[in-house]
Amino acid sequence: MITASVVTYHHLLCEIDGLINCILQSSIDRLYIVDNSKNDALRAIENKSSKIRYIHNANIGYGGAHNIAIKEAMADQSVYHIVINPDIYFPAGTIESLTDYMDRNETVGQIMPKIVYPNGELQYLCKLLPTPIDLIFRRFLPKKWFIHRLSRYEMHFSGYDKEMNVPFLSGCFMFLRIEALKKSGLFDERFFMYGEDIDLCRRIHRNYKTMYYPWVTVTHVHEAASYKSGKMLRIHMWNIVKYFNKWGWFIDFERKRINREAIRPFFPD
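These notes cover the structure that comes with them.

What counts and what doesn't
Residues numbered from 1 in each chain as written. Predicted model: local features only at pLDDT ≥ 70, side-chain atom pairs only at ≥ 80, totals over all residues. Heavy atoms only, no water. Helix = DSSP H or I, 4+ residues; strand = E, 2+ residues; numbered from the N terminus. Expected span 1.5 Å × (residues − 1). Buried < 20%, exposed > 50% of the residue type's maximum accessible area, 1.4 Å probe, protein only. Phe/Tyr/Trp six-rings, centres within 6.5 Å; stacked < 30°, edge-to-face > 60°. Salt bridge = Lys/Arg side-chain N within 4 Å of Asp/Glu carboxyl O. Contact = heavy atoms within 4.5 Å. Arc of directions from axis to C-beta. Patch = residues over 30% accessible without salt bridge, like charges linked within 9 Å, V, L, I, M, F, W, Y side chains within 5 Å. Areas by Shrake-Rupley, 256 points an atom, 1.4 Å probe, with all protein chains shown as cover.

1. Details of helix H8 (residues 230-247)
Thought 1: Across its 18 residues, H8 extends 26 Å between first and last C-alpha, which sits within 8% of the 26 Å expected from 1.5 Å per residue.
Thought 2: Taken together, the buried positions of H8 are occupied by Met232, Ile235, His236, Met237, Asn239, Ile240, Tyr243, Phe244 and Trp247.
Thought 3: Looking one or two residues beyond H8, the residue adopting positive phi is Gly248, at roughly 115°.

2. Here we look at the packing of aromatic side chains
Thought 1: In total, this model carries ten aromatic pairs according to the counting rule given.
Thought 2: Taken together, a centroid distance of 5.2 Å and an interplanar angle of 65° make the contact between Phe157 and Phe267 edge-to-face. In this pair, Phe157 is assigned in the loop between helix H5 (147-153) and strand E8 (164-165) and Phe267 in the segment after helix H9 (253-263), connecting sequence segments 110 residues apart.
Thought 3: Its relative accessible area of 27% is what places Phe157 among the partly exposed residues.
Thought 4: An aromatic cluster of at least three residues, connected via ring pairs, comprises Tyr124, Tyr160 and Tyr212.

3. Considerations on the pattern of salt bridges
Thought 1: Here the structure, examined in full by the defined rule, presents 16 salt bridges.
Thought 2: A salt bridge links Glu72 to Arg53; its shortest N-O distance comes to 2.7 Å. Of this pair, Glu72 sits in helix H2 (residues 62-75) while Arg53 is found in strand E3 (residues 52-56), placing the two residues 19 residues apart along the sequence.
Thought 3: Look at Glu72 and you get partly exposed, because its relative accessible area is 24%.
Thought 4: Residue class for Arg53 comes out partly exposed when judged on its relative accessible area of 29%.
Thought 5: Between Lys246 and Asp188 there is a salt bridge, with its nearest N and O atoms 2.9 Å apart. Here Asp188 lies in the loop between helix H6 (178-184) and helix H7 (196-207) and Lys246 lies in helix H8, a separation of 58 residues in the sequence.
Thought 6: For Asp188, a relative accessible area of 11% corresponds to the buried category.

4. Topic: the side chain of Thr131
Thought 1: Mapping Thr131 onto the fold places it in the loop between strand E7 (126-127) and helix H4 (132-140).
Thought 2: Judged by its relative accessible area of 16%, Thr131 is buried.
Thought 3: Leave out the neighbours within four places in its chain, and Thr131 touches Arg149, Phe244 and Arg255.

5. Comments concerning helix H3 (residues 94-104)
Thought 1: Along H3, the residues that are buried comprise Thr94, Ile95, Leu98, Thr99, Tyr101 and Met102. Seen end-on, H3 carries its buried residues on one side only, within an arc spanning 160°.
Thought 2: In this structure, the buried side of H3 is in contact with strand E1 (2-8), strand E4 (80-84), strand E6 (108-116), strand E10 (173-177) and strand E11 (209-220).

6. Re a nonpolar patch on the surface
Thought 1: Together, Phe250, Ile251 and Phe253 give the surface a local cluster of nonpolar side chains, amounting to about 430 Å² of exposed area.
Thought 2: Its location among the elements puts Phe253 in helix H9.

7. Observations concerning unusual backbone geometry
Thought 1: A positive phi is found at Gln77, a non-glycine position, where the angle reads about 65°.
Thought 2: Along the chain, Gln77 turns up in the loop between H2 and E4.
Thought 3: A residue is classified by how much of its surface remains accessible, and Gln77, at 61% relative accessible area, is exposed.
Thought 4: One non-glycine residue, Tyr160, adopts positive backbone phi at about 55°.
Thought 5: Here Tyr160 falls in the buried class, since its relative accessible area comes to 2%.

See below:
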């Protein structure tokens, strides 16, 4: 069984209809729509298919809302669960290809396909575990100071043209093995929004491979809200502070080791 969850917040039906159609035409057995909105205007979407389970919920955050769906997926004996952003769409065969890969590779706990913008441009979403410089300082200082560092952090050197074990895969499309979640834990609900995907992927990476798989492609509109809204920027920064409070700011020996292992195949000693 394959399940998926989408968290919405005052989205219009037309804004998520494309994703819903992609999911309903795939091998995903059940879609949980966890709606953090103040009203349940999207409830009618449940009439679209018996595969859809609509859950109206208090706004407890992105990871917390997905956890509601993941717990139901576990109770439903799901084997794989996919965390998907509302602004994603993908061609037929995508889910089936990723499922086949996971079936053949039991040491993989999470997989992410190639992610592109609507114009086909690649999104650099394979990343090393971040330092405060990568997530905080570069947001407020001239970009030209960080060009080379950003290129390394986003693993541009890899070419994004081969399978690779990556310590931080974007949360916009997380294809997860349920057994890996049982072993590593669900989203840490202390993160309201932002940072939760780094934290979860890092914990899964401790026990399993977290793989980038470039042979299928998913489109991500990517609004980058924290670059457009002061409120979202404050939320972003506060949750990134929580991340470094949890894992360490400048002293994080595990981060150093994991990043070194991720880079080694491209720059052998």
